[in-house]
Amino acid sequence: MSAATMIQTADDALLDVEHLTMRFGGLLAIDDLSFTARVHEITSIIGPNGAGKTTVFNCLTGFYKPTVGRLRLCHPDKGEYYLERMEGFRIAQVADVGRTFQNIRLFPKMTVLENLIIAQHNRLMKASVFALAGLLGLARYRVAEKAAVEKAKFWLDRVNLTARADWEAGNLPYGDQRRLEIARAMCIAPCLLCLDEPAAGLNPRESLELNELLLSIRDEQGIGILLIEHDMSVVMGISDHIVVLDHGRKISDGDPAFVRNDPTVIRAYLGEAEDGEGADA
Ligand SMILES: Nc1ncnc2c1ncn2[C@@H]1O[C@H](COP(=O)(O)OP(=O)(O)O)[C@@H](O)[C@H]1O
Ligand SMILES: [Mg+2]
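Along each chain, the written sequence defines residue order, and numbers are assigned to residues from 1. Whichever chain is written first becomes A and whichever ligand is written first becomes 1, with later ones labelled in order. Owing to the predicted nature of the model, reporting of local features is limited to residues with pLDDT of at least 70; listing and counting of side-chain atom pairs is limited to 80 or more, with chain, interface and lining totals taken over all residues. Side-chain calculation: all heavy atoms of the structure are included, whereas hydrogens and water are not.

Considerations on helix H1 (residues 53-60)
Each residue is assigned to one of three classes by its accessible area relative to the maximum for its type, calculated with a 1.4 Å probe on protein chains only: buried under 20%, partly exposed between the two thresholds, exposed over 50%. Helix numbering and strand numbering both begin at the N terminus, where a helix is a DSSP run of H or I of at least 4 residues and a strand a DSSP run of E of at least 2. With respect to burial, H1 is a largely interior element, seven of its eight residues being buried. Downstream of H1 by one or two residues, Gly62 has phi in the positive range, about 85 degrees.

This is the structure in structure tokens:
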């Protein structure tokens, strides 16, 4: 655990983003962004198209190296990790940060169940090293494999996809693919789950079901959720905490009631929607 120490913060912060700045050539996509996400909370990042929301996720999950800034994850079981110093695969596999993508990225030719098993591939591979070491190890691999299937089944059930376990993922209706992505991210047992516009393209009923799912994940799994979302009914309905971005800068930060009534937000963002402009996250 080289990037980690066993220090716990007193204020149950799960993720501390400090002075995050990301430049692409001359473009300042994120400008000195600081905020905190906590365990047992849904923290939403909202803001117009191009505000820098997906870039925040890409910095957190190691796709981009931030130009400046500290991304401190306080893992409830493992200690502290500085994500800006870690490779993406270690952020997922060691720091236990899970994510979904704005454009769905499943393995379309694999079955629904296989998508959930493969998500746990790394843990299975670790167990298979023991398998090579002898019979004891083989038993260990079988235990890990069984646990992976059990976990996949659990999450299939939670996202109402048990009946479609054998479907090719690419053939699922869109809303099912969105839920499968969340199930896949949950199969790595994340301490922080990052969801990039999970309600995009869902009908109102599916959107309500998604709200229920996210609230139950927050309450039952005791993790933190970081949510990028443009659907205001989702954001205002389920967020504990909202961070508002505009042109890469944070313009507001607080609970839904605070953000909804913040004149800066109304002017920059919600006001546009009320005028029928259709604010887009
Ligand atoms: N890899 C990249 N190279 C250059 N510019 C990028 C890259 N990724 C994002 N950007 C730019 O950064 C800004 C923020 O983008 P993004 O984070 O995708 O916004 P949002 O998710 O809020 O819509 C946009 O101007 C976008 O064009
Ligand atoms: Mg985006």
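There's more to say after this.
Looking at the pattern of salt bridges
The rule for a salt bridge is simple: a side-chain nitrogen of Lys or Arg has to be within 4 Å of a carboxyl oxygen of Asp or Glu. Scanning the model with the defined rule gives 15 salt bridges in all. For the salt bridge of Glu18 with Arg70, the shortest nitrogen-to-oxygen distance reads 2.8 Å. Of the two residues, Glu18 is situated in strand S1 (residues 13-24) and Arg70 in strand S4 (residues 68-75); the sequence distance between them amounts to 52 residues. On the basis of relative accessible area, Arg70 is assigned to the partly exposed category, the value being 31%. The shortest N-O distance in the salt bridge between Asp176 and Arg164 comes to 2.4 Å.

Examining unusual backbone geometry
Residues apart from glycine generally show negative phi values, whereas peptide bonds are mostly found in trans. The backbone of His19 sits at a positive phi, close to 55 degrees, despite the residue not being glycine. Here His19 is to be found in strand S1. On the accessibility criterion, His19 (45% relative accessible area) is partly exposed. Phi is positive for Glu197, close to 55 degrees, though the residue is something other than glycine. Here Glu197 lies in the loop between strand S7 (192-196) and helix H7 (204-221). Judged by its relative accessible area of 5%, Glu197 falls in the buried class.

Focus: the coordination of the magnesium ion (ligand 2)
Protein coordination at the magnesium ion (ligand 2): the donors are Thr54 (OG1) and Gln102 (OE1), at 2.0 to 2.4 Å from the metal. Placement of the pair is Thr54 in helix H1 and Gln102 in the loop between strand S6 (97-99) and helix H3 (112-118), with a sequence separation of 48 residues. With a relative accessible area of 26%, Thr54 lands in the partly exposed category. Water is absent from the atoms considered, so a metal site may look incomplete; donors are defined as N, O and S atoms within 2.8 Å of the metal, or 3.2 Å for Na, K and Ca.

Some points on the site of ligand 1
The environment of ligand 1 is made up of Phe24, Leu27, Ala29, Pro48, Asn49, Gly50, Ala51, Gly52, Lys53, Thr54, Thr55 and Tyr64. Interatomic distance of 2.8 Å between a backbone N/O atom of Gly50 and an oxygen atom of ligand 1. The protein chains shown are the only cover counted for residues, whose accessible areas, like all others here, come from Shrake-Rupley with a 1.4 Å probe. The protein chains hide 64% of the 560 Å² of surface that ligand 1 would expose on its own. Looking at the shell around ligand 1, the elements that each hand over two or more residues are strand S2 (27-38) and H1. Counting residues per element, the shell around ligand 1 draws most heavily on H1, at three residues. Throughout, the ten residues Ala, Val, Leu, Ile, Met, Phe, Trp, Tyr, Cys and Pro are labelled nonpolar, Asp, Glu, Lys and Arg are labelled charged, and all others, Gly among them, are labelled polar. Class assignment for the residues of the shell around ligand 1 results in six nonpolar, five polar and one charged. Being near a molecule or strand, for a residue, comes down to having at least one heavy atom within 4 Å of it. The term polar contact refers here to a pair of N or O atoms within 3.5 Å; inside protein, the definition further demands a hydrogen-donor-capable atom paired with an acceptor-capable atom, and it admits residues adjacent in sequence only when both atoms are side-chain atoms.

Examining the packing of aromatic side chains
Any two rings among Phe, Tyr and Trp, with Trp reduced to its six-membered ring, count as a pair given centres within 6.5 Å; such a pair is stacked if its planes are under 30 degrees apart, edge-to-face if over 60, and tilted if neither. In total, this model carries three aromatic pairs according to the counting rule given. Taking 5.2 Å as the distance between ring centres and 80 degrees as the angle between the ring planes, the aromatic pair formed by Phe24 and Tyr64 counts as edge-to-face. Of the two residues, Phe24 sits in strand S1 while Tyr64 sits in the loop between H1 and S4, which places them 40 residues apart along the sequence. Ring centres 5.8 Å apart and planes at 80 degrees place the aromatic pair Phe63 and Phe101 in the edge-to-face group. Residue Phe63 is located in the loop between H1 and S4, and its partner Phe101 is located in the loop between S6 and H3; the two are separated by 38 residues in the primary sequence. With a relative accessible area of 46%, Phe63 lands in the partly exposed category. We classify Phe101 as buried; its relative accessible area is 13%. Look at NZ for Lys and CZ for Arg. If either is within 6 Å of the ring centre and within 35 degrees of the ring normal, a charge sits over the ring. Directly above the aromatic system of Phe63 lies the positively charged group of Arg99, at a separation of 5.1 Å from the ring centroid. The lysine or arginine in question, Arg164, covers the ring of Trp167, its NZ or CZ lying 4.5 Å from the ring centre.

Overview of the sheet that holds S4
A strand pair is defined by DSSP finding two or more bridges across the two strands. One open sheet holds the four strands; their spatial order is S2-S1-S4-S5, and the pairing between them is antiparallel. A strand with exactly one partner marks an edge of an open sheet, and here the two such strands are S2 and strand S5 (79-82). Each neighbouring strand pair of the sheet contributes to a mean axis angle of 15 degrees, computed without reference to strand direction. Sheet topology note: the S1/S4 ladder contains five bridges and is antiparallel. When the sheet's bridge partners are listed, Leu15 is paired in S4 with Leu73. In this description, a line fitted to the C-alpha atoms serves as the axis of each element, helices being fitted only across the stretch in contact, and the angle between N-to-C directions of two axes falls anywhere from 0 to 180 degrees.

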